[in-house]
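Architecture at a glance
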Amino acid sequence: MTSASSSAAEGPELIVNGDFSSGVIDPWWSTPNAPGAVVDGQLCAEVEGGTVNPWDAIVGQDGLPLTAGESYELSYTATATAPVTSRTNVQLAEEPWTQELAAADQISGTAETFTHVFTASADYEAAQLAFQIGGSDDPLTFCLDDVSLTGGAEPPVYEPDTGSPVRVNQVGYLTEGPKAGTYVTEATEALPWTLNAADGTEVATGTTTPQGVDPTSEENVHTFDFGDVTEAGDGYTVTVGEHVSEPFAIGDDLYADLRTDALAYFYHNRSGIEIDAELVGEEYARPAGHVNVAPNQGDDGVTCWATTPCDYTLDAAGGWYDAGDHGKYVVNGGIATAQVLSTWERTLTAEGADGEALGDGALAVPEQGNDVPDILDEARWELDFLTAMQVPAGEELAGMAHHKLHDRAWTGLPLLPHEDSQARELHPPSTAATLNVAAAAAQGARLFEPYDAAYAAELLTAATTAYEAALANPDMLADPNDGVGGGAYSDNNVTDEFYWAAAELFITTGEDTYRQDVLSSELHGDAEAVFPPGGFSWGSTAALGALNLATTDNGLTDGERDGVLAMVTEAADGLAATAQDALYGVPLAGTENYVWGSNSQVMNNMVVLATAHDLTGAAEYRDAVLSGLDYLLGRNPLNLSYVTGYGERDVHNQHHRHWANQLDATLPNPPAGSVAGGPNSALQDPIAEDLLQGCAPAMCYVDHIESFATNEVTINWNAPLAWLASYADDLGAGAGGDPGEEPATCEVTYTSHRWSAGFTSSVTVENTGGTPISPWELTWTFADDQRITNAWNAVVTQSGQDVLARPVNWNGTVPPGGSVSFGFQGTASGQAADPQAFTLNGGGCTTG
């Protein structure tokens, strides 16, 4: 026997017969598949093999009285003849099985004593202690001894390991980008810092800037800046006093791998297909899930759940598993697919964006070599699922989309998809889901048209059918209480989904009906409503439509498009200011926005900023994106990179059913490029509740597989990560320009006609060189308060006094000796001066 080590707790013993010295098992019980008996002074349960979930085999004791606010210490000693994870819970003894303690203990053949302290949140007349030991293919013997549960314990104070107080982007900084960090200290005076190369050579020095208490971490911090350093290299560190940062790089190729790894996440999480070891490696390979191969019941003939039965089945195989579970949700799939599609569409609309890095043969997908960009192949896997979720023709709600498809009841961790034996069920259609299908399919239709016109037509039919069905059923809202077996994903306002879907259908078809639906929306023109400061999300999707209206060549008039651009830049101005003011550089306003998936909110704000930079060229937008990447990759209060495989201190125990190494050593951690949800001050899981009470908002995170509210991974969080990695990699690739390319040779003629409060200007750009200029970008700066209101024959955007002019779809090339002309109107007060200097594609022009 091994004695228990309870010494801190002073209250009465609540466990009856915890040392089994009487030789009898009572009042302990076990499930029929784990019969128990007292053997050599221990309770030993013979657990049958072939169980699926932890709770399929249990040893437990009921009748434990707990008092709200009291802290308790549980200790026990255990062994097992084969490695098993005991899900050790103190909980309500009936549904909903509310847990006061939820621990995962690795039991082996060597006797080990486990001790847990928890504080009861409610009064219990008869709580339950349960050792859940199911989930093993093979039979095993589980033995318990010296079980003790006593009150009066001293709750341990959780102190996260934050490493060095010098916080930097642990991946690195682009050579021409901003370079800043944060230092946590009680000092109030400026302190010297040193930047050292990998060999210890001093590269730069400076002094920190005291900033006071950071409201997100409640810590006193300084900031420091080394933006003047542009020498590429690995292994840089920043030292402040005795403290040294994690190493990082400076260079222009820092995000190429993240671009592909973030996109590989989607193939890893495909449903209905074998995950090929040749594409992902042996540790991540697995059989196809939910394809009607035992024990699966399959997704190719799914009918509605019993609460709202239907007389049809859907073949909804395929698609992406949403998150840590095996559910497939249309509202998460819609935004995720849209952002994957937009990662490709950006390469068609943004100067310097690299489509080759996303093209056929560039990504690890099984469709390589089919003459379709690999990123579109990946998006198609989910598009097919989304359109398959529509109610069939001839049914009462034909064209509407079922909100979700998942298991009848919750499954436990770990559980590989092909081992899931639960029945799969469709949940009722919703307007939000239907509009997600309409929007994503409409965007997919225009992007697939050059590669597969027939498929593009199918997508457009699905999109228009869905939109008409949503108009006919505008208020079918998902039930917020429908959360058994999968998340509810309820949304009580679908105005934003209508706006998004109308925008995508208009961009794809050019039809005026959709244009009018966009322009008449109550959201149109309201930047804060379309781009909430806390970030757009699956429940707030209008931004997706607005961003595409701003960046694509569509049928909006110049004035209408200017209005959309104004929304984007107004939102980006606020976010850039937020990032500039934030002591960790994060573009997320306020402490109240550290919610479930806060990192995705940060990233979606970064997408807005990056799009504004694509549209205007304004450096402050780019810098705010890059400082957001700094936050995600280590410059944050916890000194953690929230992306697996990136940085010295990266998270790697994200909540997932088959990337579950923390619970089963034979399973892998999440692959590189998987982003964790991040700090969530609501503490919405037992682990967070137990460890993080009283945490400052940006400190409310723990890298634990059971902390689903802070450490989940999902498709709609990795999608913006992939978008941003693509953007950042393009920035790096274009940072130095082409060394062999000479600046454009050009002459600009600028003339203006002015009146009391405004002006009309015309601009002619002549190519005086010997090679074509394609595409072209002309920039200049006003010396006063002139504001451009509308333009013709060019896309003209303004940020402050800086102006950027770009071609429309028919005048993107200026041949040698040729010219391009455009004009614009604007407002000005007082005397207005013509600009004196112009830059074309990075080179100065003479003026005529």
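Refer to the structure printed above.
Keep in mind the model is a prediction, meaning the values are calculated, not measured.

Another point: the sheet that holds strand 3 (residues 42-47). If you trace the 5 strands from one edge of the open sheet to the other, you get 2-3-10-5-8, paired in antiparallel fashion. With one partner strand each, in any of the chains shown, strand 2 (36-39) and strand 8 (112-119) form the two edges of the open sheet. Across the sheet, the axes of successive neighbouring strands diverge by a mean angle of 30 degrees, strand direction being ignored. Pairing analysis gives 4 bridges linking strand 2 to strand 3, with the strands arranged antiparallel. Paired with valine 39 across the two strands is glutamine 42, which belongs to strand 3.

Turning our eyes to something else, we now look at the sheet that holds strand 1 (residues 29-30). Overall, antiparallel pairing links the 5 strands, which are arranged 1-4-9-6-7 in an open sheet. Where the open sheet ends on each side, the last strands, each with one partner, are strand 1 and strand 7 (99-107).

A word on the state of the cysteines. Counted by the stated rule, this structure contains 4 disulfides. Bridging cysteine 304 to cysteine 310, the disulfide has an S-S length of 2.0 Å. The sign of the S-S torsion, about 100 degrees, decides the handedness of the disulfide formed by cysteine 304 and cysteine 310: right-handed. Covalently, cysteine 746 is tied to cysteine 845 through a disulfide, its sulfur atoms 1.8 Å apart. Handedness here is read from the sign of the S-S torsion; for cysteine 746 and cysteine 845, about -90 degrees, the answer is left-handed. In this pair, cysteine 746 is assigned in strand 26 (residues 746-754) and cysteine 845 in the loop between strand 34 (843-844) and strand 35 (846-847), connecting sequence segments 99 residues apart. By sequence order of its bonded cysteines, the protein has the disulfide arrangement 1-2, 3-4, 5-6, 7-8.

A separate point is the environment of serine 71. On the secondary structure map, serine 71 appears in strand 5 (residues 71-80). Separated by 407 residues in the primary sequence, serine 71 and alanine 478 place their C-alpha atoms 39 Å from one another. If near-sequence neighbours (up to four positions away) are discounted, serine 71 is found in contact with Phe118, Thr119, Thr150, Gly151, Gly152, Ala153 and Pro155.

Turning next to the pattern of salt bridges. Per the counting criterion, the structure on display carries 21 salt bridges. A salt bridge links lysine 328 to aspartate 299; the nearest nitrogen and oxygen atoms lie 2.8 Å apart. Pair noted here: lysine 328 is in strand 21 (residues 328-329) and aspartate 299 is in the loop between helix 2 (277-280) and strand 21, with a separation of 29 residues, a long-range link. For lysine 328, a relative accessible area of 0% gives the class buried.

Below, the discussion takes up helix 1 (residues 256-268). Across its 13 residues, helix 1 extends 19 Å between first and last C-alpha, which sits within 8% of the 18 Å expected from 1.5 Å per residue. Within the span of helix 1, buried status applies to Leu258, Arg259, Ala262, Leu263, Tyr265, Phe266, Tyr267 and His268. In the core, the buried residues of helix 1 are packed alongside helix 2, helix 3 (330-349), helix 4 (374-388) and helix 16 (715-733).

A few words on the side chain of histidine 222. Take histidine 222: it is sitting in strand 17 (residues 219-225). Polar contacts involving the side chain of histidine 222 include one to the main-chain carbonyl oxygen of alanine 187, which spans 2.8 Å.

Each neighbour pair has its own omega, and for glutamate 95 with proline 96 the value is 10 degrees, a cis peptide bond. By the element assignment, proline 96 lies in the loop between strand 6 (84-91) and strand 7. The step from leucine 413 to proline 414 runs through a cis peptide bond, and the omega angle for that step is -10 degrees. Along the chain, proline 414 turns up in the loop between strand 23 (404-407) and strand 24 (424-426). A positive phi angle, near 50 degrees, is found at asparagine 841, a position not held by glycine. Within the secondary structure layout, asparagine 841 lies in the loop between strand 33 (839-840) and strand 34. Residue asparagine 841 is classed as partly exposed on the basis of its relative accessible area, which comes to 34%.

Among the nonpolar cores identified, the biggest contains 152 residues, and Tyr255, Tyr467, Phe531 and Leu549 are the most heavily contacted of them. Ranked by the residues each element gives to this core, the list is headed by helix 5 (residues 431-448), at 12 residues. Once residues within four sequence positions are removed from consideration, leucine 549 is found in contact with Tyr499, Ala503, Phe506, Ile507, Val518, Asn554, Leu556, Arg561 and Val564. If you look at the next biggest cluster of nonpolar residues, it comprises 35 residues, including Ile15, Trp28, Leu64 and Ile107.

Analysis parameters
Residues numbered from 1 in each chain as written. Predicted model: local features only at pLDDT ≥ 70, side-chain atom pairs only at ≥ 80, totals over all residues. Heavy atoms only, no water. Pairing = 2+ DSSP bridges. Helix = DSSP H or I, 4+ residues; strand = E, 2+ residues; numbered from the N terminus. Axes fitted to C-alpha atoms, helices over the stretch in contact; angles between N-to-C directions. Disulfide = S-S within 2.5 Å. Contact = heavy atoms within 4.5 Å. Salt bridge = Lys/Arg side-chain N within 4 Å of Asp/Glu carboxyl O. Buried < 20%, exposed > 50% of the residue type's maximum accessible area, 1.4 Å probe, protein only. Expected span 1.5 Å × (residues − 1). Polar contact = N/O pair within 3.5 Å; in protein donor to acceptor, adjacent residues only side chain to side chain. Core = buried A, V, L, I, M, F, W, Y, C linked by side-chain atoms within 4.5 Å.

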